[in-house]
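Residue-level structure breakdown
Here is how the chains run, residue by residue.
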Amino acid sequence: DQQVKQNSPSLSVQEGRISILNCDYTNSMFDYFLWYKKYPAEGPTFLISISSIKDKNEDGRFTVFLNKSAKHLSLHIVPSQPGDSAVYFCAASAFRKTSYDKVIFGPGTSLSVIP
Amino acid sequence: NAGVTQTPKFRILKIGQSMTLQCTQDMNHNYMYWYRQDPGMGLKLIYYSVGAGITDKGEVPNGYNVSRSTTEDFPLRLELAAPSQTSVYFCASSPTPFGGYTFGSGTRLTVV
């Protein structure tokens, strides 16, 4: 049973346009969410995160939106660049300041930005 | 600054063989993790450690073992390799327990 879902395995976007990657989760205990980016033959790299006390977090061209009632988050990339072509993983965890709780990863969405 | 270093990058094992995947980090992170990624799937947690001498099972620990004798090193041991262990393995570390990991570049393991 997938607790973190990314229902679009792939997405193609023209350079300069907006890329929107979606993620849904089922566990209402999740309150901290992250996006990772992965290039082929490399490990994932942390991109941006959001806690459930916010509904939006922005970092340069990357913005993550969180809709807690819908258990849905999305990553917006504006404008999209060819170097953004990668696999994007959504991840979620239950925030605990002093102890570890598993971070659950989605299956990933492969983004292709076409020049 | 090397970050998280994994060796080897590639390995082919025969069924029943054993091997150790090495992972070293130089960021003095307490938290370390081993994940595997199968095609079309997300990263699945195998084992994790919250500090030297402390390890615990993740979602898919069967067939693996770990140790954490130092803060820097977190090796993953495969005993009696099986084709189901064919995967890409990632080691990661973090300074806090809730994400923002630094990942290694991965080990691609094939069991034949």
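Everything quoted here is computed from the prediction, not taken from an experiment.

1. Notes on the overall build of chain B
Within chain B one finds 0 helices and 11 strands. Beginning at the N terminus, the succession of helices and strands in chain B can be written as β-β-β-β-β-β-β-β-β-β-β. In summary, chain B has a C-alpha radius of gyration of 13 Å against a globular reference of 13 Å for 112 residues, a match within 12%. By principal-axis analysis of the C-alpha atoms, chain B measures approximately 35 × 25 × 25 Å. A burial count over chain B gives 47% of its 112 residues as buried. Residue pairs in contact within chain B that sit at least 24 positions apart in sequence constitute 55% of those at least 6 positions apart. For chain B, the exposed area adds up to about 5,000 Å²; of that, 52% sits on carbon and sulfur atoms. Within chain B, the 7 negative side-chain charges are centred at a point lying 9 Å from the centre of the 9 positive side-chain charges.

2. Side note on the sheet that holds strand β7 (residues 64–66) of chain B
Residue and element names in this part refer to chain B. Here we have 4 strands laid out as an open sheet, ordered β1-β3-β8-β7, and antiparallel in their pairing. Of all the strands in the sheet, the pair left with one neighbour each is β1 (4–7) and β7. Across the sheet, the axes of successive neighbouring strands diverge by a mean angle of 20°, strand direction being ignored. Where strand β3 (residues 19–25) and strand β8 (residues 76–78) come together, 3 bridges link them in antiparallel fashion. Opposite L21, over in β8, you have L76 as the bridge partner.

3. What about the state of the cysteines?
Residue and element names in this part refer to chain B. Taken as a whole and judged by the stated rule, the model has 2 disulfides over all chains. Here C23 pairs with C91 through a disulfide, and the sulfurs are 1.8 Å apart. Linking C23 and C91, the disulfide has an S-S dihedral of approximately -70° and is accordingly described as left-handed. In this pair, C23 is assigned in strand β3 and C91 in strand β9 (residues 87–94), connecting sequence segments 68 residues apart. Here C23 and C91 have matching classes, each one buried.

4. Brief notes about the packing of aromatic side chains
Under the defined criterion, the tally for this structure stands at 15 aromatic pairs over all chains. Here the aromatic rings of F90 of chain B and F103 of chain B are separated by 6.3 Å at their centres, their planes lie at 90°, and the arrangement is edge-to-face. Here F90 of chain B, found in strand β9, pairs with F103 of chain B, found in strand β10 (residues 102–103); they are 13 residues apart in sequence, far enough to count as distant. For the pair shown, F90 of chain B and F103 of chain B are each scored as buried. Among the aromatic residues, those joined into a cluster by ring pairs are Y36, F46 and F105 of chain A together with Y33, Y35, F90, Y101 and F103 of chain B.

5. Details of the environment of I46 of chain B
Checked against the element boundaries, I46 of chain B lands in strand β5 (residues 43–51). Other than its neighbours up to four places away in sequence, I46 of chain B contacts W34, Y35, R36, K57, G58, V60, P61, Y64, L76 and Y89 of chain B.

6. Considering the side chain of D84 of chain A
Locating D84 of chain A in the fold gives a position in the loop between β8 (72–77) and β9 (86–93). A relative accessible area of 2% places D84 of chain A in the buried class.

Rules behind the numbers
Residues numbered from 1 in each chain as written. Chains lettered and ligands numbered in written order. Predicted model: local features only at pLDDT ≥ 70, side-chain atom pairs only at ≥ 80, totals over all residues. Heavy atoms only, no water. Helix = DSSP H or I, 4+ residues; strand = E, 2+ residues; numbered from the N terminus. Rg over C-alpha atoms; globule rule 2.2 N^0.38 Å. Buried < 20%, exposed > 50% of the residue type's maximum accessible area, 1.4 Å probe, protein only. Contact = heavy atoms within 4.5 Å. Areas by Shrake-Rupley, 256 points an atom, 1.4 Å probe, with all protein chains shown as cover. Lys, Arg positive; Asp, Glu negative; His and termini not counted. Charge placed at Lys NZ, Arg CZ, Asp CG, Glu CD. Pairing = 2+ DSSP bridges. Axes fitted to C-alpha atoms, helices over the stretch in contact; angles between N-to-C directions. Disulfide = S-S within 2.5 Å. Phe/Tyr/Trp six-rings, centres within 6.5 Å; stacked < 30°, edge-to-face > 60°.

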